[in-house]
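Listed here are the chains, written in short residue letters.
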Amino acid sequence: GAGVSQSPSNKVTEKGKDVELRCDPISGHTALYWYRQSLGQGLEFLIYFQGNSAPDKSGLPSDRFSAERTGGSVSTLTIQRTQQEDSAVYLCASSSLRSPGEQYFGPGTRLTVT
Amino acid sequence: AQSVAQPEDQVNVAEGNPLTVKCTYSVSGNPYLFWYVQYPNRGLQFLLKYITGDNLVKGSYGFEAEFNKSQTSFHLKKPSALVSDSALYFCAVRDRWNYGGSQGNLIFGKGTKLSVKP
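Computed from a predicted structure; not experimentally measured.

(A) Just unusual backbone geometry, in detail. Cis geometry marks the peptide bond from Ser7 of chain A to Pro8 of chain A; its omega dihedral reads -10°. Topologically, Pro8 of chain A is positioned in the loop between β1 (5-7) and β2 (10-13). In this structure, Tyr61 of chain B takes a positive phi of about 60° despite not being glycine. In this structure, Tyr61 of chain B sits in the loop between β7 (56-58) and β8 (64-68). For Tyr61 of chain B, a relative accessible area of 46% translates into the label partly exposed. Despite not being glycine, Thr72 of chain B has its phi angle at roughly 45°, a positive value.

Structure (structure tokens):
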């Protein structure tokens, strides 16, 4: 079946604007993750959804960041009042309970804040 | 706290030579260990994992990794490197007993850039 998809692939926005990034996980995957990858840096965990449980938001860098997952499927990461330091590639991944930890990543959204 | 260390920012290897990309970890319990690869301008791909059993695990593209509990290491290896192996490699860990709980996410290392020259 289809892999993880993310949209948009690229987003350029002005400082102070809000942005929404979308992730469509693999069908049937109960876990969904958001990461951030800055140039020359590793992956920074942002938030984790598992089924109907309360999400693990421990990685969100500030209260400008939030995420929702509707109906246990599609997720939206929202960044309010964007700052230049928010520029990065935002990666979404999903995984199945049958393969713990084996995450399937989307192609990412490259966010540039000018 | 869980952590992963990849001590080398970059590894340079000649094509045909063996390669090793190092990874050490720290978890409170028993680990699940993973390697992911990111080719230029592409998303991360799962390469291999250690869950339990044989300490030597084999993955895609001829790669393998050895779990060493005493050294808390999970080094990635390949007997004969290819130019097409050039990519960014990430080691990741999670505490096995926290699966499904608040630490369902993986902790990734900072990545090691592998460059294979002809």
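Okay, back to it.
(B) Representation of the pairing of strand β5 (residues 43-50) of chain A in the model. All names here are of chain A. Burial runs high along β5: seven of the eight residues are buried. Judged from the seven bridges that link them, strand β4 (residues 31-37) and β5 form a sheet pairing that is antiparallel. Within β5, the position partnered with Leu32 by the bridge is Phe49.

(C) Local environment of the nonpolar core. If you look at the biggest cluster of nonpolar residues, it comprises 28 residues, and the most contacted ones within it are Trp35, Leu48, Phe74, Leu76 and Tyr89 of chain B. Within the residue set of this core, elements represented by two or more residues are β2 (10-14), β3 (19-21), β5 (31-38), β6 (44-50), β8, β9 (73-78), β10 (87-95) and β12 (112-117) of chain B. Per-element tally for this core: the top contributor is β10 of chain B, with four residues. Excluding anything up to four places from it in sequence, Tyr89 of chain B contacts Gln6, Trp35, Tyr36, Val37, Leu47, Phe63, Leu76, Gly111, Thr112 and Leu114 of chain B. In terms of nonpolar packing, the next biggest core, distinct from the first, is built from 20 residues, Val4, Leu21, Leu60 and Phe65 of chain A among them.

(D) The arrangement of the layout of surface pockets in detail. Counted as a void, the largest pocket has a volume near 810 Å³. Taken together, 30 residues form the lining of the largest pocket, with Gln37, Leu39 and Arg110 of chain A together with Gln38 and Leu88 of chain B sitting closest to its centre. Mapped by element, the contributors of at least two residues to the lining of the largest pocket are β8 (88-95) and β10 (109-113) of chain A together with β10 and β12 of chain B. A per-class count over the lining of the largest pocket returns eleven nonpolar, 14 polar and five charged.

(E) Structural view of the interface of chain B and chain A. If you look at the interface, chain B gives 23 residues, while chain A gives 20 residues. When chain B packs against chain A, the two sides together hide about 1600 Å² of surface, and 56% of this comes from carbon and sulfur. Taken together, chain B and chain A are joined by one salt bridge. The salt bridge partner of Glu102 of chain A is Lys49 of chain B, with a shortest N-O separation of 3.0 Å. Seen at the junction of chain B and chain A, the total is three residue pairs in polar contact (both at pLDDT 80 or more). Looking at the side of chain B that touches chain A, the elements that each hand over two or more residues are β5, β6 and β10 of chain B. Per-element tally for the side of chain B that touches chain A: the top contributor is β5 of chain B, with four residues. Among the residues making up the side of chain B that touches chain A, the classes are represented as eleven nonpolar, nine polar and three charged.

Each value, and the rule that gives it
Residues numbered from 1 in each chain as written. Chains lettered and ligands numbered in written order. Predicted model: local features only at pLDDT ≥ 70, side-chain atom pairs only at ≥ 80, totals over all residues. Heavy atoms only, no water. Helix = DSSP H or I, 4+ residues; strand = E, 2+ residues; numbered from the N terminus. Buried < 20%, exposed > 50% of the residue type's maximum accessible area, 1.4 Å probe, protein only. Pairing = 2+ DSSP bridges. Core = buried A, V, L, I, M, F, W, Y, C linked by side-chain atoms within 4.5 Å. Contact = heavy atoms within 4.5 Å. 1 Å grid on protein atoms, 1.4 Å probe; cavity = no way out; pocket = protein on both sides within 12 Å on 5 of 7 lines; lining within 4 Å. Points joined across faces, edges and corners; volume = space filled by probe spheres on them. Nonpolar A, V, L, I, M, F, W, Y, C, P; charged D, E, K, R; others polar. Buried area = accessible area lost by both parts, 1.4 Å probe. Salt bridge = Lys/Arg side-chain N within 4 Å of Asp/Glu carboxyl O. Polar contact = N/O pair within 3.5 Å; in protein donor to acceptor, adjacent residues only side chain to side chain.

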